[in-house]
Amino acid sequence: MPSRRELFRRAVIGTAVITAVGAGTLAWSSTLLGEYSVMDMGDGHADHGGHEAGASETSVASGTVGGSGEVSVTALTAEADRPADVHVELVARQETIDVPGGRPIEGYTVNGTSPGPEIRARQGDLVEVEFVNESVTDGATLHWHGIDVPNAADGVAGITQDAVPVGGRFTYRFEATDAGTYWYHSHQVSHEQVERGLLGAVVIEPAGQPASPADGTSDVDVVAMLHLYGGQHTLNGRAKDEHVAAEPGSTVRVRVVNTDQGTAAVWSDGPFRVVATDGHDVNQPSEVEGQRVLMPAGGRADVAVRAPEHGTVRLHVGGARSILIGDPDATAPPSPQPSETLDLLAYGAPAPLGFDPASADRTYDYVIGRRFGIIDGRPGNFWTINGRMFPDVPMFHVAEGDVVRMRIVNDTGDVHPMHLHGHHVVVLSRDGVAASGSPWWVDSLDVRPGESYEIAFVADNPGIWSDHCHTLSHAVDGLVTHVMYEGVTTPFTINGAAGNQPE
Amino acid sequence: MRRIYSVIAWVIAGGVVVQAASIGFAFGGVLNHVQEGGVVDKALIESDQSGFTGQLGFWIHEIGGGVVIPLAAVALLVVSFFVRARGARLWAAIVLGLVALQATLGYAITDVPYIGLIHGANALAVLAASVIAALRVGRMARTRVEEATSDAVAA
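Rules used in this analysis
Residues numbered from 1 in each chain as written. Chains lettered and ligands numbered in written order. Predicted model: local features only at pLDDT ≥ 70, side-chain atom pairs only at ≥ 80, totals over all residues. Helix = DSSP H or I, 4+ residues; strand = E, 2+ residues; numbered from the N terminus. Rg over C-alpha atoms; globule rule 2.2 N^0.38 Å. Buried ≥ 20, exposed ≤ 12 C-beta atoms within 10 Å, placed from the backbone. Contact = placed C-beta atoms within 7 Å. Nonpolar A, V, L, I, M, F, W, Y, C, P; charged D, E, K, R; others polar. Core = buried A, V, L, I, M, F, W, Y, C linked by C-beta atoms within 7 Å. Pairing = 2+ DSSP bridges. Axes fitted to C-alpha atoms, helices over the stretch in contact; angles between N-to-C directions. Parallel < 35°, antiparallel > 145°, perpendicular 65-115°, else oblique. Left-handed = near helix turned anticlockwise from the far one by under 90°. Domains from an automatic or database assignment. pLDDT = per-residue confidence, 0-100.

**Q** Which parts of the structure should I look at to understand the overall build of chain B?
**A** Of the regular secondary structure elements, chain B holds 5 helices and 0 strands. Secondary structure elements of chain B, listed N to C terminal, follow the sequence α-α-α-α-α. Over its C-alpha atoms chain B spans a radius of gyration of 20 Å, topping by over 25% the 15 Å that the globule rule assigns to 155 residues. Seen through its principal axes, chain B has C-alpha atoms that stretch 75 × 30 × 20 Å. Counting across all 155 residues of chain B, residues that qualify as buried make up 36%. A fraction of 75% describes how many contacts in chain B between residues 6 or more apart in sequence connect residues 24 or more apart.

**Q** Help me understand the interface of chain B and chain A, please; the structure alone is not making it clear to me.
**A** Interfaces are frequently sized by the accessible area removed from exposure as the parts join. Contacts between the two partners involve 20 residues from chain B, matched on the other side by 23 residues from chain A. Breaking the side of chain B that touches chain A down by element, the ones donating at least two residues are α2 (42–46), α3 (55–80) and α4 (88–108) of chain B. Take the side of chain B that touches chain A: its biggest share by element is 5 residues, from α2 of chain B. Counted by class, the side of chain B that touches chain A contains 9 nonpolar, 6 polar and 5 charged residues.

**Q** Mind showing me how you'd approach the nonpolar core here?
**A** One recurring pattern in soluble globular proteins: nonpolar side chains tend to sit buried together. Ranked by size, the top nonpolar core spans 126 residues in total, and within it Val-202, Ala-224 and Val-256 of chain A carry the most contacts. Ranked by residues supplied to this core, first place goes to strand β10 (residues 220–229) of chain A with 6 residues. Sequence-distant contacts of Ala-224 of chain A, defined by excluding residues within four places in its chain, comprise Leu-235, Asn-236, Val-254, Arg-255, Val-256, Val-257, Val-317 and Ile-323 of chain A. If you look at the next biggest cluster of nonpolar residues, it comprises 28 residues, including Ala-72, Val-83, Leu-96 and Ala-129 of chain B.

**Q** Would you mind going over the sheet that holds strand β32 (residues 464–469) of chain A with me for this structure?
**A** The pairing of strands in a sheet happens through backbone hydrogen bonds and is either parallel or antiparallel. All names here are of chain A. Reading across from one edge, β24-β33-β32-β26-β30 is the order of the 5 strands in this open sheet, with mixed pairing throughout. Every interior strand has two partners, whereas the edge strands, β24 (396–398) and β30 (444–447), have only one. For this sheet, the mean inter-axis angle between neighbouring strands, taken without regard to orientation, is 20°. One ladder, built from 3 bridges, connects strand β26 (residues 416–420) with β32; its direction is antiparallel. Across the sheet, residue Leu-420 finds its bridge partner in β32, namely Asp-467.

**Q** Can you help me understand the packing of α3 of chain B against α4 of chain B in this one?
**A** Geometry of a packed helix pair, given as the angle between the helix axes and the separation of the axes. All names here are of chain B. Interhelical geometry of α3 versus α4 gives an angle of 160° and a closest axis separation of 8 Å. Overall, the two elements α3 and α4 adopt an arrangement that is roughly antiparallel. The two elements α3 and α4 meet at a crossing, and its hand is left-handed. Counting all contacts with α3, which are made through Gly-65, Gly-66, Ile-69, Pro-70, Ala-73, Val-74, Leu-76, Leu-77 and Ser-80, the residues of α4 involved are Ala-88, Arg-89, Ala-92, Ala-93, Val-95, Leu-96, Val-99, Gln-102, Ala-103 and Gly-106. Residue classes in the contact of α3 with α4 are distributed as 13 nonpolar, 5 polar and 1 charged.

**Q** Just checking my understanding: could you explain the sheet that holds strand β19 (residues 312–317) of chain A for this structure?
**A** Residues and elements named next belong to chain A. In space, the 5 strands of this open sheet follow the order β12-β20-β19-β14-β17, with mixed pairing throughout. Across the chains shown, the open sheet's two edge strands, defined by having one partner strand only, are β12 (242–245) and β17 (293–295). Strand-to-strand twist of the sheet, defined as the mean angle between neighbouring strand axes without regard to direction, takes the value 20°. Relative to strand β20 (residues 321–326), β19 runs antiparallel, the two sharing 6 bridges. Residue pairing in the sheet places His-316 in a bridge with Ser-322 of β20.

**Q** Quick question: what am I supposed to make of the domain arrangement of chain A here?
**A** Residue and element names in this part refer to chain A. Each domain of chain A was delimited in the assignment, giving domain 1 (4–69 + 353–489), domain 2 (86–205) and domain 3 (220–326). With centres defined by C-alpha atoms, the gap from domain 1 to domain 3 works out at 33 Å. Counting from both sides, the interface comprises 17 residues of domain 1 and, opposite them, 14 residues of domain 3. If you list the elements that add at least two residues to the side of domain 1 that touches domain 3, you get β26, β29 (441–442), β30 and α4 (472–476). Per-element tally for the side of domain 1 that touches domain 3: the top contributor is β30, with 3 residues. Of the residues assigned to the side of domain 1 that touches domain 3, the class counts are 8 nonpolar, 7 polar and 2 charged.

**Q** What should I look at first to understand the packing of helix α1 (residues 2–35) of chain B against α3 of chain B in this one?
**A** All names here are of chain B. Where α1 contacts α3, the axes come no closer than 9 Å and their chain directions differ by 165°. In terms of orientation, α1 lies roughly antiparallel with respect to α3. With respect to the hand of their crossing, α1 and α3 are arranged in left-handed fashion. Here the residues of the contact of α1 with α3 sort into 19 nonpolar, 10 polar and no charged.

**Q** So what exactly am I meant to see when it comes to unusual backbone geometry here?
**A** A negative phi angle characterises most non-glycine residues, just as the trans form characterises most peptide bonds. All names here are of chain A. A cis amide bond, omega 0°, links Ser-114 with the succeeding residue Pro-115. Mapped onto the secondary structure, Pro-115 falls in the loop between β3 (105–110) and β4 (119–122). Between Phe-390 and Pro-391 the backbone carries a cis peptide bond, its omega angle lying at 5°. Topologically, Pro-391 is positioned in the loop between β23 (388–389) and β24. In this structure, Asn-111 is a non-glycine residue whose phi angle is positive, near 55°. Located in the positive-phi region is Asn-236, a residue other than glycine, with phi close to 50°. Structurally, the position occupied by Asn-236 is in the loop between β11 (232–235) and β12. Residue class for Asn-236 comes out partly exposed when judged on the 19 C-beta atoms lying within 10 Å of it.

**Q** Help me understand the environment of Thr-171 of chain A in this model?
**A** Residues and elements named next belong to chain A. In this structure, Thr-171 sits in strand β7 (residues 169–175). For Thr-171, a count of 14 C-beta atoms within 10 Å translates into the label partly exposed. Spatially, the C-alpha atoms of Thr-171 and Ala-157 are 14 Å apart, while their sequence positions differ by 14 residues. Beyond its immediate stretch of four places on either side in the chain, Thr-171 contacts Glu-128 and Glu-130.

**Q** I would appreciate a short explanation of the confidence of the model for chain A in the present structure.
**A** Low-pLDDT portions of the prediction should not be read for the details of their coordinates. Taken over all residues, the pLDDT of chain A has a mean of 92, while the share at 70 or more is 94%. This model gives residues 53–67 of chain A a pLDDT under 50, and the stretch forms 35 contacts once residues within four places in sequence are excluded.

**Q** Looking at this structure, I do not really get the confidence of the model for chain B. What am I missing?
**A** When the pLDDT values of chain B are averaged, the result is 90; 91% of them are 70 or greater. When the elements of chain B are averaged for pLDDT, helix α5 (residues 115–154) of chain B gives the smallest value, 82, and α4 of chain B the largest, 96.

Structure (C-alpha cells):
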C-alpha cells in the first residue's frame, strides 16, 4: 500500500500531466486552419505600407476599384465581348507520363503529354484557353506564370477560382500584352501537380515582326523547358539532349524555362547573350563568356547563341541536359560549369523604367525567417514572413496606381525563388548596391541566404495576388502571402467544400 | 518515471545512431548516382520524387533531426522534473541544449558548409550526453527495484 505522501505525489503528477496534455491539445487544435478565406489572413496585422487603409485616392480615381462598392476577383476579367485571336483547349488527365529516353512515371498530362502543348500567341492577341479536367482527382487549375493576366484568370485555387473538379471546365481569357517566354501550370495542390507534370510553355511573339520560328532578332527560336520527372532530368519532356540545326553564323534564341523547384545553371564554352529575363527584354545585352547564368525556380531566360562556322556549340541547360546548336551531324564535348555567375544587376545598359521608384506610395519589408512551430496541426521548422508564421503573415495592401517598394531579406540558410503573381518587379538594388545595368525586370527572383533585395513595381493590375516562394514545398511550409488591392474581395475559400488547396 | 526517463534518453542515443547511418546511406547514394552518370542539382534536391538509391536517407535524417530527436529531448526535460534522481534535470537540460545546437547547425550547413565540421562532432556530444543521462537514471531505477525486491524477501 503506497504511503499517503506517495499518493499525493502521484496525484500531483497525474494532474500536471493531464493539464499539460489538455493545454497542448488546445494549443495544437488552435492551429488547425479549417476552411478559411485569404481575406482573413494576417488577422489584426493588416500592413498598409505606410498608408492608412482607404487613404489612397488613386484607387477611386482609377474607376476600376474602390469607392463605396467592392469588386470581386471574378469581375476582374479581360474584355468579355472581344473575340479570341488564339483559342486552345487543354485537357488535364491523371495518368502515366511517357518520358522518352527514360522510364515512365505516374503524373499528370495536358492533352496527353507532359509538358503539355506549347501555346504561341502574338503580342496584343486575346488568348482564350478552355481548360477541362478529365481525371485529376484533387481538381486542377491553370496559372499563367509570368503573364500579367486579369485576376480572374490567375488560376489560383481558393483565391481567384475553385479548383476545376473532374468533369468540370474553366475558361481563361487574357490579352498577351508583353512579348516573351512564360509557362502555365496548375495552382491546385501545386507542389504535387507541378512536380508531376501539369504544365506547359507559352511564347508571346512581338507584334509586327515575322512569325514563328524567327522573331526578327534570331533565325531559329526554340523552347528549352527543364523538368524533373521522377528524378530524371528532362529537356522538353525527353531525358536526352537536343540538336538544333542552324546555319553557320545564324543566331538561335533558346527560351529556357525552369519549371523545377530549385536554381538551374545555363552555360556554354562559346559566347552567348541573355536577351530577356522573365519575358522582358534586356537592353543592349553584351556577350557572356566564362560565366554561367543562374535561373530561379519558375524563372525564364532567353539566351541567344550564334551557330559556329564549323561544327556545333553546346549550351548546357540545367546541369544535366544540353542543346547542341549548329551542324546536326556534329557534336561538341561538355564543358565544365564556370564558377563565376553573370550578375544581372549590372548586365546590359540602363534604360528608363517608366515610373519613379523614389516616389513610392507604399514601402514594405518581406523578411524571410524560420522557426519551429505548428501550422494546421503539423509540427515543423517553418518559414516566417516578418517574424510571423502562416496564416498570421502580413498581407501587403495596395491601391491601384500605387508605386510600391519592397525590401526582400533572406535571413535563412536556403535560397528562395520569390514569385509575385500578376506583376513584374524591377530590381533596384542588392545588398545596398544599386542596379547599374539594363532594367532587371522579373517575376521570379532568387534571394540567396543573407541577401537583401530592394524591388519596386507599379500596382496596375487590381486583384488578390499570391507572392510566394516557388520552391513549392516552401510555400506549403508557410512561405506565401498576398498583395491585396483595396476594395477587391474573393468569394472563394481554401479547405472548403471545393477542396481548394493552392499550394 | 525513472524508467520512462531512461527509455527516452536511450531513444535519443539510438536516434543519433540512425542519423549517422542515414546520412552515410544518403551520401553513398549520391556518389553512386553520380558514378552512374546521374546529376545532383538543386532541382533534384528540392524534389519530393525519388531520384536515386539513398535519397530516403536524407528524408530520415531530416525527420529524425528536425522532429523526432528534438521532441524526445523536450520530453526528456519535462519528465526529468518528475524524476527524483540527482543530475536528472541537469543532464536532460544538457541533452536538450546540445540537440537544439545540433538542429540549428544542421539547418545552417547549406549556407556555411564548414558548419558541417561542428555538426558531425556535436553529434557525438549528443550521443555521449544522452547515454550518460540514460545510464545514471537507469542505474538508480534498477537499484531501487532491487532494493524493493530484497525488502520484500526480508519481510
